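Residue-level structural notes
Okay, here's what each chain looks like letter by letter:
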Amino acid sequence: MDQIKIHESWKNILSSEFSKEYFLQLQSFLETEKKDFDVYPSETEIFAAFNKTPFEKVKVVIIGQDPYHGEGQANGLSFSVADGIKIPPSLKNIFKELKTDLGIEIPVIGNLESWANQGVLLLNATLTVRANSAGSHQKKGWEIFTDKVIETISKEKENVVFLLWGNFAHGKENLIDSNKHLILKAAHPSPLARGAFFGSKHFSKTNDFLKSKNLGEIDWKI
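The structure displayed is predicted, hence computed values, not measured ones. (Residues numbered from 1 in each chain as written. Predicted model: local features only at pLDDT ≥ 70, side-chain atom pairs only at ≥ 80, totals over all residues. Heavy atoms only, no water.)

1. Examining the pairing of strand β3 (residues 120-124)
Heads up, the rule is: A simple rule labels every residue: compare its accessible area, found with a 1.4 Å probe on the protein chains alone, to the largest value its type can have, and call it buried under 20%, exposed over 50%, or partly exposed in between. Counting from the N terminus, the helices are DSSP H or I runs at least four residues long and the strands are E runs at least two residues long. When DSSP finds two or more bridges between two strands, those strands count as paired.
When you tally the buried positions in β3, you get five out of five residues, the bulk of the element. Residues V120, L122 and N124 point to one face of β3 and L121 and L123 to the other, with burial holding for every one of them. Sheet topology places strand β2 (residues 60-64) next to β3; five bridges connect them, and they run parallel. Bridged to I62 within β3 is L122.

2. Brief notes about the packing of helix α2 (residues 21-36) against helix α6 (residues 142-156)
Threshold: Lines fitted to the C-alpha atoms define the axes, with helices restricted to the stretch that makes contact. Angles between their N-to-C directions range from 0 to 180 degrees. When an angle is under 35 degrees it counts as roughly parallel; over 145 it counts as roughly antiparallel; between 65 and 115 it counts as roughly perpendicular; any other value is oblique. Should any heavy atoms of two residues lie within 4.5 Å, those residues are considered in contact. Charged means Asp, Glu, Lys or Arg here, nonpolar means Ala, Val, Leu, Ile, Met, Phe, Trp, Tyr, Cys or Pro, and polar covers whatever is left, Gly included.
Look at α2 against α6: their axes get within 9 Å of each other, and the N-to-C directions meet at 130°. Put simply, α2 runs oblique to α6. Touching Y22, F23, L26 and L30 of α2 are W142, I144 and F145, all from α6. Of the residues that constitute the contact of α2 with α6, the class distribution is seven nonpolar, no polar and no charged.

3. Looking at the pattern of salt bridges
Pairing between side chains of opposite charge can happen when their charged atoms approach one another. Note the threshold: Salt bridge, as used here: a side-chain nitrogen of Lys or Arg that lies within 4 Å of a carboxyl oxygen of Asp or Glu.
All told, the structure shown has nine salt bridges when counted by the stated rule. Residues E33 and R130 are paired through a salt bridge, measuring 2.9 Å at the closest nitrogen-oxygen approach. Taken as a pair, E33 in helix α2 and R130 in strand β4 (residues 129-130) lie far apart in primary sequence, 97 residues in all. With relative accessibility at 25%, the residue R130 sits in the partly exposed group. Among the ionic pairs, E173 bridges to K185, the shortest N-O distance being 2.9 Å. With E173 in the loop between α7 (167-170) and β6 (182-186) and K185 in strand β6, the pair connects residues that are 12 residues apart, well separated along the chain.

4. Structural notes on the packing of aromatic side chains
Short version of the rule: Only rings of Phe, Tyr and Trp enter the pairing, Trp through its six-membered ring, and a pair is recorded when the two centres are within 6.5 Å. The plane angle decides the type: under 30 degrees is stacked, over 60 is edge-to-face, the rest tilted. Sitting over a ring, as applied to charges here, requires NZ of Lys or CZ of Arg to be within 6 Å of the ring centre and within 35 degrees of the ring normal.
For the structure on display, the rule yields 19 aromatic pairs. Taken together, a centroid distance of 6.1 Å and an interplanar angle of 85° make the contact between F23 and W142 edge-to-face. Of this pair, F23 sits in helix α2 while W142 is found in helix α6, placing the two residues 119 residues apart along the sequence. Each ring, one from W115 and one from W220, has its centre 4.9 Å from the other, and the planes form 90°; the classification is edge-to-face. Here the residue W115 occupies a position in helix α5 (residues 113-116), and W220 occupies one in the segment after α8 (202-212), the gap between them amounting to 105 residues. For the pair shown, W115 and W220 are each scored as buried. Connected via pairs of aromatic rings, a cluster forms that spans W10, F18, Y22, F23, F47, F50, F55, W142 and F145. Of note, R130 hangs over the ring of F37, and the distance from its end group to the ring centre comes to 3.7 Å.

Structure (structure tokens):
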């Protein structure tokens with residue numbers, strides 16, 4: 001991560017973070033990791049969520065925990081996988097809920113770039129991971145950075161929809177001003193939640209809110 005490859009709109013509002021001690025230590029950690037292990041996603045995709053969704057376009061935020069750790073899976077967007085990669089179980093459940101909620105046919109690909117391009121910030125709390133080692137880059141500094149991102153969106157914008165799925169994402173609620181934004185919470189879409197995610201209707205609720213604010217709905221079809 002020699003150079004921060006992040007969209008100018010984000011660079012402008014987050015520039016002070018890149019020179020802070022925690023971020024410099026994070027960069028050093030990543031450089032060391034890459035010498036001994038494969039790290040996902042690729043360096044050019046670490047900030048993909050920010051590059052696909054500039055700050056001024058953010059309408060919705062979906063918070064994930066950390067990237068997929070299998071080869072070729074992670075593409076820098078939470079819950080999303082690269083083209084040609086088998087759709088993971090949590091994303092399958094997201095698509096099932098989408099069909100139940102809005103009648104959208106279940107996609108055959110799991111790349112969520114089309115959502116990102118419409119203003120859905122697909123933000124993982126941790127932006128990198130060691131190959132085949134889930135959670136391996138947690139508590140190295142990424143969470144400080146992404147918490148700042150959430151706080152900044154909350155402070156600087158209005159009428160953003162935050163979709164918090166699962167206990168980890170629920171823990172970010174205190175970073176968001178509920179007087180300015182819509183917070184929707186549900187169980188995690190993982191099969192481990194035994195279907196508790198289903199019936200949340202977050203996709204239609206998001207669009208109803210955006211429509212009420214004249215902000216333009218999201219086309220959730222992949």
